[in-house]
Amino acid sequence: MEELLQVFTKKIKNFELTHSEIKIYSLLLKEELTPRQIAKKVGLSERIVREKLKHLLELGLIERNLIKQGWLGYIYRAKNPKEALNSVLFKMEELLGILEEESKKIL
């Protein structure tokens, strides 16, 4: 049981958002931006912004589109709050299914 609780604790932390991630999501609700533009607006390095964007993408809170403007890159936008919440809830349901299967093996 201890092993299952450790897995659960580790997995549930993936759903935590930092202050910076919340700020980035809120910013992207207003406009589509590149990582460089986001970094300038929130006062973080572009590398940190890219890490935060990766986490927001994994949770399904934001989307990105490939752009070509003399260079290749991505422009990011936030999903509307209802759609974003549904994405997070879906991910949580997946996690619960995985944990349920693991608990059957352990218990």
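Below is a summary of the structure that appears in this document.

Scoring rules and cut-offs
Within every chain, residues take consecutive numbers counted from 1 along the sequence as written. This being a predicted model, a pLDDT of at least 70 is required before a residue's local features are given, and a value of 80 or more before pairs of side-chain atoms are given or counted; all residues contribute to the totals for chains, interfaces and linings. Only hydrogens and water are removed before side-chain values are computed, so all heavy atoms of the structure are retained for them. Only residues whose relative accessible area exceeds 30% and that take part in no salt bridge are eligible for patches, with like-charged residues grouped when within 9 Å of each other and nonpolar side chains (Val, Leu, Ile, Met, Phe, Trp, Tyr) grouped when within 5 Å. Per-residue and other accessible areas were derived by the Shrake-Rupley procedure at a 1.4 Å probe size, with only the shown protein chains allowed to occlude residues. Between Lys or Arg on one side and Asp or Glu on the other, a salt bridge is scored when a side-chain nitrogen of the former is within 4 Å of a carboxyl oxygen of the latter. Numbering of helices and strands starts at the N terminus; helices are DSSP runs of H or I of at least 4 residues and strands are runs of E of at least 2. Fitted lines through C-alpha atoms give the axes, limited to the stretch in contact for helices. The angle between two N-to-C directions lies from 0 to 180 degrees. Oblique is the label for any angle not covered by the other classes, which are roughly parallel (under 35 degrees), roughly antiparallel (over 145) and roughly perpendicular (65 to 115). Contact between two residues is taken to exist if any of their heavy atoms lie within 4.5 Å; hydrogens are not considered. Each residue is assigned to one of three groups, with Ala, Val, Leu, Ile, Met, Phe, Trp, Tyr, Cys and Pro labelled nonpolar, Asp, Glu, Lys and Arg labelled charged, and all others, Gly among them, labelled polar. The set of buried Ala, Val, Leu, Ile, Met, Phe, Trp, Tyr and Cys residues whose side-chain atoms join them within 4.5 Å is what this entry labels a nonpolar core. A simple rule labels every residue: compare its accessible area, found with a 1.4 Å probe on the protein chains alone, to the largest value its type can have, and call it buried under 20%, exposed over 50%, or partly exposed in between. Centres within 6.5 Å are what make two rings of Phe, Tyr or Trp a pair, Trp counting through its six-membered ring; a difference in plane orientation under 30 degrees is then read as stacked, over 60 as edge-to-face, and the rest as tilted. Two limits define a charge over a ring: the Lys NZ or Arg CZ must be within 6 Å of the ring centre, and within 35 degrees of the ring normal.

Another aspect to go through is a nonpolar patch on the surface. A contiguous nonpolar patch, built from Phe8, Ile12, Leu85, Leu89, Met92 and Leu96 and spanning about 490 Å² of accessible area, is present on the exposed surface. Contributing elements (two or more residues each) for the nonpolar patch: helix 1 (2-12) and helix 5 (81-106). In terms of residue count, helix 5 provides more of the nonpolar patch than any other element does, 4 residues in total. Along the polypeptide, isoleucine 12 turns up in helix 1.

For the rest of this paragraph, the subject is the packing of helix 2 (residues 19-30) against helix 4 (residues 46-59). At a minimum axis separation of 10 Å, helix 2 and helix 4 run at an interaxial angle of 75°. By the angle class used here, helix 2 and helix 4 are roughly perpendicular. Across from Ser20, Glu21, Ile24, Tyr25 and Leu28 in helix 2, the residues of helix 4 making contact are Lys52, Leu53, His55 and Leu56. Residue composition of the contact of helix 2 with helix 4, grouped by class: 5 nonpolar, 2 polar and 2 charged.

Attention now goes to the nonpolar core. Counting residues in hydrophobic clusters, the biggest one holds 22 residues, and the most contacted among them are Ile24, Leu28, Ile38, Leu53, Leu61 and Ile62. Contributions of two or more residues to this core are made by helix 2, helix 3 (35-42), helix 4, strand 2 (72-78) and helix 5.

Within the structure shown, the criterion is met by 1 aromatic pair. When the centroid spacing of 6.4 Å and the interplanar angle of 55° are considered together, the rings of tyrosine 74 and tyrosine 76 count as tilted. In this structure tyrosine 74 comes out as partly exposed when scored by relative accessible area, which is 31%. Above the plane of the ring of tyrosine 74 lies arginine 64, whose end atom (NZ or CZ) is 3.9 Å from the centre.

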